[in-house]
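What follows is each chain in one-letter form.
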Amino acid sequence: LLGAYGSERKTPVYVVGGFVRDLLLNVENLDIDIVVEGDGPEFGKFVAEQLMIKYVVHEKFNTCSLFFKDGFRIDVATARTEYYESPAELPKVEVSTIKKDLYRRDFSINAMAIKLNQETFGTLLDFFNSKKDLEEGIIKVLYSLSFVEDPTRILRAIRFEQRYNFQIDEQTCEYMKKTVKNEYLEKVTGPRIRDELEKILKEPKPLKSIRRMGEFKIISHLFPFSYYTPTLDKDVEKLFELYGYFEKNYKQYTQNVRFLHLLLFVLLQYTPEETVKFIEYRYGLPGNFYDNLAEARESFEKLNELKHPQYSHFFDCIKILNSEQIIFVAVKLKENLREKLFKYFDKIENLELSVNGKELKDKGYYGKEIKNKLEELTKKLLNDEIKPGEERKYI
Ligand code: CTP
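Scoring rules and cut-offs
- Residues numbered from 1 in each chain as written.
- Predicted model: local features only at pLDDT ≥ 70, side-chain atom pairs only at ≥ 80, totals over all residues.
- Heavy atoms only, no water.
- Buried < 20%, exposed > 50% of the residue type's maximum accessible area, 1.4 Å probe, protein only.
- Helix = DSSP H or I, 4+ residues; strand = E, 2+ residues; numbered from the N terminus.
- Contact = heavy atoms within 4.5 Å.
- Pairing = 2+ DSSP bridges.
- Near = heavy atom within 4 Å.
- Polar contact = N/O pair within 3.5 Å; in protein donor to acceptor, adjacent residues only side chain to side chain.
- Areas by Shrake-Rupley, 256 points an atom, 1.4 Å probe, with all protein chains shown as cover.
- Core = buried A, V, L, I, M, F, W, Y, C linked by side-chain atoms within 4.5 Å.
- Salt bridge = Lys/Arg side-chain N within 4 Å of Asp/Glu carboxyl O.
- Axes fitted to C-alpha atoms, helices over the stretch in contact; angles between N-to-C directions.
- Parallel < 35°, antiparallel > 145°, perpendicular 65-115°, else oblique.
- Nonpolar A, V, L, I, M, F, W, Y, C, P; charged D, E, K, R; others polar.
- Expected span 1.5 Å × (residues − 1).

A. Representation of helix 2 (residues 18-25). When helix 2 is considered as a whole, its buried residues turn out to be Gly18, Val20, Arg21 and Asp22. Turning to helix 2, the residues buried within the fold contact strand 1 (13-16), strand 6 (113-115), strand 7 (124-125), helix 5 (130-136) and helix 7 (152-164). The first or second residue beyond helix 2 is asparagine 26, which carries a positive phi of 65°.

This is the structure:
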């Protein structure tokens, strides 16, 4: 349909980028990017009017988004170059236009286009051996300054590598390392980095990507003082394992949890306060991020020191922590204590006091005393110091 409109308007229309990549890989992709050799916004507007659907023009990016009735969205962009120079040269310029547009993209696998105009519908444009790289599973940049121009591509390379189980090409690895070393990641705004990190974490196998980020020294460039040592790697691995365990068995603790925050608790656990504060600001973390980290650290250190941990100790620690802190504490606990923590969760969940606040109030307890007494009874029950139903004897 877009091709037909393109032909009507004498505008070459292509579907490009990730959609083409995934089409060739036989992977579902509902994100359609269209490039036209002409005026993208104008063409988008024309299509939207014909189909009577909503559209939004983004002047700044010279693009137009079309919103189909079932929530489906298509972005239409302008191929970036001087397509209008000379009518006589149009066919040649037409090719070079889309070619230039594709050339400035991140990786060869993302730099293919398929023509949509009726006469040539379905023609694959592959100027840079993209199809071969796709078949061989190689992530490769198209020009040496690709990462310098857009350092977020460093994170994208890793994301695609792990997603498709591909390999970043050797030369591309060198460019990446050099760009990281020359501190180009530091030049990117915090929110853009954060977006890329969130995207990595949404992929099915983020642990491998994080390890790769460690190998490329990306972690310490994004988070100063955080060195991806084997010790840190063990904690990150544990975090993934335990998060899965919580999701399966203690879902209530994962409900309001941002996985990025959890990961950053682990990565920043040895980072000095001032630097954590800087990271908090740079990446838009909650203002109490450092305090929460410090509080959680205090909790697991206290528990880990105990010779004979009792459920009441867990109660005292856990009651002041939020879910993100609790999961982080679980990561950092010694094995036997971690097991006890899960037993504690089961125990507290099934625990029911046979007295309540009102009864205590009637007995003359006042204000904070009521809460304290209820907690004391809970802890006694947890430790099996009193039998269920015998609480009344102790008030
Ligand atoms: N692109 C780029 N450089 C970037 C981001 C994007 O060159 N830093 C190009 C790539 O050609 C990419 C296209 O823009 O294919 C669309 O980008 P995006 O939607 O972010 O990525 P997809 O490739 O569609 O990947 P995903 O499947 O994760 O959506």
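B. Representation of the pairing of strand 1. Of the two faces of strand 1, the one carrying Val13 and Val15 and the one carrying Tyr14 and Val16 are both buried. For strand 1 and strand 2 (residues 32-36), the ladder comprises 4 bridges, and the chain directions are antiparallel. Note that in strand 2 the partner of tyrosine 14 across the bridge is valine 35. As judged from the 3 bridges shared by strand 1 and strand 6, these two strands associate in the antiparallel manner. Counterpart to tyrosine 14 in the pairing with strand 6 is lysine 115.

C. Examining the environment of lysine 54 more closely. Examined against the element boundaries, lysine 54 turns out to sit in strand 3 (residues 54-58). For the pair lysine 54 and arginine 392, spaced 338 residues apart in the sequence, the C-alpha separation amounts to 67 Å. Sequence-distant contacts of lysine 54, that is, excluding residues within four places in its chain, are made with Ser65, Leu66 and Phe67.

D. Structural view of the site of the ligand. As a matter of local geometry, the ligand sits amid 15 residues, with Arg21, Asp106, Asp150, Arg159 and Arg163 nearest to it. Note that an oxygen atom of the ligand is positioned 2.8 Å from one of the side-chain N or O atoms of arginine 21. In this structure, arginine 156 approaches the ligand through a side-chain N or O atom, which is 3.0 Å from an oxygen atom. When isolated, the ligand has an accessible area of 570 Å², and the protein chains bury 77% of it. Among the elements of the structure, helix 2 and helix 7 are those that each provide at least two residues to the shell around the ligand. If you tally residues by element for the shell around the ligand, the top one is helix 7, at 6 residues.

E. Highlighting the nonpolar core. Grouped together as the largest cluster of nonpolar side chains are 100 residues, with contacts concentrated most on Ile34, Ile218 and Phe223. The biggest single contributor to this core is helix 13 (residues 259-267), with 8 residues. Other than its neighbours up to four places away in sequence, isoleucine 34 contacts Leu2, Val13, Tyr14, Val15, Ile74, Asp75, Val76, Ala77 and Leu116. Core analysis: the next-biggest nonpolar cluster, separate from the first, contains 12 residues, Ala79, Leu102, Leu125 and Phe128 among them.

F. Structural view of the pattern of salt bridges. For the structure shown, the criterion picks out 34 salt bridges. Residue lysine 393 pairs with glutamate 390 through a salt bridge whose shortest N-O separation is 3.6 Å. Judged by its relative accessible area of 63%, lysine 393 falls in the exposed class. The class of glutamate 390 is partly exposed, set by a relative accessible area of 24%. Through salt bridges with shared partners, a single ionic network connects Asp316, Lys319, Lys371, Glu375 and Lys379.

G. Local environment of the packing of helix 16 (residues 311-318) against helix 18 (residues 335-349). Between helix 16 and helix 18, the shortest axis-to-axis distance is 10 Å and the interhelical angle comes to 80°. With respect to helix 18, the element helix 16 is oriented roughly perpendicular. On helix 18, the residues touching Tyr311, Phe314, Phe315 and Ile318 of helix 16 are Leu337, Lys340, Leu341, Lys343, Tyr344, Lys347 and Ile348. When grouped by side-chain class, the residues that make up the contact of helix 16 with helix 18 number 8 nonpolar, no polar and 3 charged.

H. Representation of helix 3 (residues 40-51) in the model. Here helix 3 contains 12 residues, and its C-alpha end-to-end distance of 16 Å stays within 8% of the 16 Å for a straight helix at 1.5 Å per residue. The set of residues buried in helix 3 consists of Gly40, Pro41, Phe43, Gly44, Phe46, Val47 and Ala48. For helix 3, the elements touching its buried residues are helix 1 (2-8), strand 1, strand 2, strand 3, strand 4 (63-67) and strand 5 (73-78). With a side-chain oxygen lying 3.1 Å from the backbone nitrogen of glutamate 42, the N-terminal cap of helix 3 falls on aspartate 39. Positive phi appears at methionine 52, one or two residues downstream of helix 3, with a value of about 55°.

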